[in-house]
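Residue strings, one per chain:
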Amino acid sequence: MNPALELTGLTKAFGLAQIIRGVSLEVAAGERHAIIGPNGAGKSTLFHLISGRIRPTSGEIRLDGRRIDGLEPFEIYRRGLARSFQITNVFPKLTVFENLRCATLWSLGYRYDFWRPVERLRDAREKTDRLMEEIGLGPRRNVLAGVLSYAEQRALEIGVTIAGGAKVILLDEPTAGMNAAESAHAVALIRKVAAGRTLIMVEHDMGIVFDLADRISVLVYGRIVASDTPERIRANAEVQEAYLGQAAGP
Ligand SMILES: Nc1ncnc2c1ncn2[C@@H]1O[C@H](COP(=O)(O)OP(=O)(O)OP(=O)(O)O)[C@@H](O)[C@H]1O
């Protein structure tokens with residue numbers, strides 16, 4: 001079986017600055033994979049490369065065995081990889097339901113079309129309702145997104161991300177800015193939406209990373225210095241030295 005996502009010899013330079021310096025990584029289907037590393041290591045750049053926002057200088061990216069490097073972000077999205085963009089996907093003056101329906105309609109192939117058949121709209125409504133329940137926002141159905149709590153907005157944002165039926169989801173710091181209770185709630189949600197999907201996340205909170213991830217890759221100055229189970233990463237001396245320090249020590 002192909003890995004869900006495979007990076008081979010990936011590099012990215014901005015001018016003379018080599019930011020990603022030969023990253024090879026396989027993420028299995030269904031895996032929850034975390035990418036950690038110090039500030040400036042290149043984690044966001046790696047996400048930009050995978051999601052098509054920027055193109056690699058060299059190397060290859062495969063989604064379920066098929067090359068995606070060089071494709072536009074919307075083409076990569078259509079092939080089943082979606083990335084959360086932290087709030088920016090959410091329209092504040094639309095309700096929770098309307099936000100999710102927008103994303104669902106788009107994913108079902110609706111564009112502005114006067115003649116669209118009503119049956120398919122019913123499909124969209126049902127799909128939207130299921131999605132809203134999945135992310136736990138059923139009780140907030142008719143609330144404007146702009147007045148949701150921050151954590152609820154992040155949940156909505158995850159809903160918008162998965163609306164298109166993506167099999168691989170990239171989450172960029174999904175608990176950033178949350179208090180402990182909100183983070184715990186977000187972790188439960190991530191666990192739920194990750195079921196049956198492949199998840200790759202960048203997260204700074206080591207408690208969450210070690211709790212959620214099946215495997216962890218440590219990126220330091222544009223190179224993966226270790227990629228392993230949480231237990232082995234915790235015990236890895238090079239990782240301790242490069243990044244974790246006391247924070248995740250045994
Ligand atoms: N468009 C760009 N042009 C030039 N340099 C860039 C560009 N984008 C990122 N960089 C540089 O690449 C390096 C890695 O940045 P990146 O944001 O990927 O790191 P990161 O691991 O996500 O950091 P953080 O944990 O702080 O978010 C930084 O030194 C940054 O200044």
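Residues numbered from 1 in each chain as written. Predicted model: local features only at pLDDT ≥ 70, side-chain atom pairs only at ≥ 80, totals over all residues.

(A) The overall build of the protein chain, seen in detail. Summing up its helical and strand segments, the protein chain has 9 helices and 10 strands in all. Relative to the compact-globule value of 18 Å for 250 residues, the protein chain shows a C-alpha radius of gyration of 19 Å, a close match. Its C-alpha atoms give the protein chain principal-axis dimensions of roughly 60 × 40 × 35 Å. For the protein chain, contacts bridging at least 24 residues in sequence account for 66% of all contacts bridging at least 6. (Helix = DSSP H or I, 4+ residues; strand = E, 2+ residues; numbered from the N terminus. Rg over C-alpha atoms; globule rule 2.2 N^0.38 Å. Contact = placed C-beta atoms within 7 Å.)

(B) Expanded view of the site of the ligand. As a matter of local geometry, the ligand sits amid Phe 14, Ala 17, Ile 19, Gly 37, Asn 39, Gly 40, Ala 41, Gly 42, Lys 43, Ser 44 and Thr 45. Of the residues assigned to the shell around the ligand, the class counts are 4 nonpolar, 6 polar and 1 charged. (Near = placed C-beta within 6 Å. Nonpolar A, V, L, I, M, F, W, Y, C, P; charged D, E, K, R; others polar.)

(C) Molecular detail of the environment of Asp 172. As for its placement among the helices and strands, Asp 172 is situated in strand E7 (residues 168-172). Separated by 80 residues in sequence, Asp 172 and Pro 92 place their C-alpha atoms 20 Å apart.

(D) Representation of the nonpolar core. One finds Ala 34, Leu 46, Leu 100, Ile 135, Leu 156, Ile 169 and Val 218 to be the most contacted residues of the largest nonpolar core, which totals 63 residues. For this core, the leading source of residues is helix H5 (residues 150-162), giving 5 residues. Contacts of Ile 169, omitting those with residues within four sequence positions, involve Ala 82, Thr 161, Ile 162, Arg 197 and Leu 199. (Core = buried A, V, L, I, M, F, W, Y, C linked by C-beta atoms within 7 Å. Buried ≥ 20, exposed ≤ 12 C-beta atoms within 10 Å, placed from the backbone.)

(E) Structural detail: the environment of Gly 222. Structurally, Gly 222 is set in the loop between strand E9 (215-220) and strand E10 (223-228). Placed 125 residues apart in sequence, Gly 222 and Phe 97 show a C-alpha to C-alpha distance of 40 Å. Other than its neighbours up to four places away in sequence, Gly 222 contacts Gln 18, Ile 19, Ile 20, Arg 21, Ala 41 and Gly 42.

(F) Broad picture of the sheet that holds strand E8 (residues 198-202). With respect to topology, 6 strands assemble into an open sheet ordered E6-E7-E8-E3-E9-E10, the strand pairing being mixed. Each edge of the open sheet carries a strand with a single partner, namely strand E6 (81-83) and E10. Strand-to-strand, the axes of this sheet are offset by a mean angle of 15°, without reference to chain direction. Judged from the 3 bridges that link them, E6 and E7 form a sheet pairing that is parallel. Directly across from Arg 83, in E7, lies its bridge partner Leu 170. Sheet contacts for helix H1 (residues 43-51): strand E3 (32-36), E6, E7, E8 and E9; angle to E7, the most-contacted strand, approximately 150°. (Pairing = 2+ DSSP bridges. Axes fitted to C-alpha atoms, helices over the stretch in contact; angles between N-to-C directions.)

(G) Examining the sheet that holds strand E4 (residues 58-63) more closely. Strand order in this open sheet of 4 strands is E2-E1-E4-E5, and the pairing throughout is antiparallel. Either end of the sheet is taken by a strand with one partner, and the two such strands are strand E2 (17-27) and strand E5 (66-67). Packing of H1 onto the sheet brings it into contact with strand E1 (5-14), E2 and E4, and relative to E2 it is tilted by some 65°.

(H) Quick look at helix H6 (residues 180-194). Over its 15 residues, H6 extends 21 Å from the first C-alpha to the last, a length consistent with the 21 Å expected when each residue adds 1.5 Å. Listed in full, the buried residues belonging to H6 are Ala 186, Leu 189 and Ile 190. All buried residues of H6 fall inside an arc of 105° around its axis, so they share one side. Exposed positions of H6 whose direction lies more than 90 degrees from the buried face are Ala 180, Ala 181 and Ala 188. Residues of H6 that are buried sit in contact with H5, E7 and helix H7 (206-212). Looking one or two residues past H6, Gly 196 carries a phi angle of roughly 80°, positive in sign. (Expected span 1.5 Å × (residues − 1). Arc of directions from axis to C-beta.)

This is a description of form; function is not addressed.
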